[in-house]
Amino acid sequence: MIKVRSLICVTALVAIVCAGVFGISGCSSQQSSGDANQGSAVKVKSQEGFSPLDTNISIEETTLMDIPEATVVANSLTFKNDNAYVEVTATNKTDTKISINAGTMGYSGNFVNNYMVTSGYLGLELEPLETKSDELYFNGSELHLLGIDKIGEIGLGLNVKYNEFGSGSVEMNLDGIAKDIASIRTSAYDSVDMNTDTYQDSINNNLVLSATGASLLAFDGNGGFEQSGISVKSICLVKNKDEEVTFFLEIQNNNETTIMATAGDVSVNGVMAYEGLWTSETIAPGKTAIMDISLTNVTDSISDQVDLNDVSTVGLDFGASDAQSNTIVVPVELEFNF
């Protein structure tokens, strides 16, 4: 349940629970009967465990970016150790050093299917006219927690910049060249329903969380806030194996442009825990992000005033802007009740 209150002040990153939830592969329940043995002396009564990524998926060579300064091409999709890897080749067409990045703290616009993801880091530094290849790693543990076992689409948030630091009388040039989210459709694209909310199914699956040593303290899938094409689809509280409590906010961007969602001025049980911007999420058009706020960290200075084993309300100032920093959602004070 969400209460919305007006916020007079219009002023205003990825988080904490990863070690306890994202750090270990999720799983889902699978049932097999003895019939699968076809007369074998071994009878399989049941099978519960990890639902592996479908590895019978490929991509065609895809041009992700082709501008006067650089070209970026996705070559292949492979699977190793239950993770996905995308090989890319980038070419610097200029006579100046450039860098091509993805999945960084400064700009994280990667997604898989309909969810934004934190993995998929790329950091290429290219000399003039140089071509390099590298692999982007997509964490299978994160995909499992999002309920993804078949990859239909991969998005890469590419950020191209000049990388000339200079020396002596030479001026430094770190200007941005281009920033865009490019899509790669896999061979399974037509068989994946991008409208299915696999995250909600996964986070409510005890088998998934118990495999990480985490537990679901509270969940509300009714949403309750929608404005300017941005909606809150669900909220939940999770305690990880280290007894850290994290608040998850599922945010969907229904606009045709990339947006930046922000959260700050966080309170717990009516007690102000942190003033100012706490975290932000880049969300591609039509995609969903899982914003996470470590209540353990945010309440560190007021831990004697708040019992995280009995969280009844989480409050925060929520806002959103487009890629040009134009306001889409004027910061609004939201109160989430459990």
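Here the residue numbers are simple positions, counted from 1 along each chain's written sequence. A pLDDT threshold of at least 70 governs which residues receive local features in this predicted model, and a stricter bar of 80 or more applies before side-chain atom pairs are shown or counted, although totals over entire chains, interfaces and linings include all residues. As a rule here, side-chain values cover all heavy atoms of the structure and leave hydrogens and water aside.

A. Layout of the pairing of strand β7 (residues 98-102). Note on exposure labels: buried denotes an accessible area under 20% of the residue type's maximum, exposed denotes more than 50%, and partly exposed covers the range between, all computed with a 1.4 Å probe on protein chains only. The helix and strand labels rest on DSSP assignments: H or I over at least four residues marks a helix, E over at least two residues marks a strand, and numbering proceeds from the N terminus. Taking burial as the measure, the five residues of β7 include five buried ones, the bulk of the element. By the alternation rule, side chains of β7 split into Ile98, Ile100 and Ala102 and Ser99 and Asn101, which are all buried. Following DSSP output, two strands are said to pair if at least two bridges run between them. Relative to strand β10 (residues 122-126), β7 runs antiparallel, the two being bridged by five bridges. Paired with Ala102 across the two strands is Leu122, which belongs to β10. Summarising the sheet, β7 and strand β12 (residues 153-162) pair through four bridges and their orientation is antiparallel. Within the sheet, the bridge partner assigned to Ile100 lies in β12 and is Val160.

B. Here's a closer look at the packing of aromatic side chains. Stacked, edge-to-face and tilted labels apply to pairs of Phe, Tyr and Trp rings (six-membered ring for Trp) whose centres lie within 6.5 Å, assigned for plane angles under 30 degrees, over 60, and everything in between, in that order. Under the defined criterion, the tally for this structure stands at five aromatic pairs. An aromatic cluster is present here, built from Phe247, Phe336 and Phe338 joined pairwise through their rings. Any Lys NZ or Arg CZ found within 6 Å of a ring centre and within 35 degrees of that ring's normal is scored as a charge over the ring. If you follow Lys80 out to its NZ or CZ, it ends over the ring of Tyr85, 4.4 Å from the centre. Residue placement shows Lys179 over the ring face of Tyr107; its charged tip is 4.8 Å from the ring centre.

C. Examining the sheet that holds strand β11 (residues 131-138) more closely. Here we have four strands laid out as an open sheet, ordered β4-β5-β6-β11, and antiparallel in their pairing. Bordering the open sheet on either side are β4 (62-66) and β11, each of which pairs with just one other strand. Here the average twist between neighbouring strands, direction ignored, is 25°. Note: β4 against strand β5 (residues 70-80), four bridges, orientation antiparallel. Of the residues in β5, the one forming a bridge with Thr62 is Ala74. Angles shown run from 0 to 180 degrees and are taken between the N-to-C directions of axes, each axis being a line fitted to C-alpha atoms and, for helices, limited to the stretch in contact.

D. Region of the structure containing the pattern of salt bridges. Here a salt bridge means any side-chain nitrogen of Lys or Arg lying within 4 Å of a carboxyl oxygen belonging to Asp or Glu. One pass over the structure, following the stated rule, counts seven salt bridges. Where Glu127 meets Lys97, a salt bridge forms, and the shortest distance between an N and an O atom there is 3.9 Å. Here Lys97 lies in the loop between β6 (83-92) and β7 and Glu127 lies in the loop between β10 and β11, a separation of 30 residues in the sequence. Note that Asp197 and Lys233 form a salt bridge whose closest N and O atoms lie 3.3 Å from each other. With Asp197 in the loop between β13 (176-185) and α2 (198-203) and Lys233 in strand β16 (residues 230-239), this residue pair connects regions lying 36 residues apart in the sequence.

Such coordinate-based values are descriptive only and should not be taken to indicate function.
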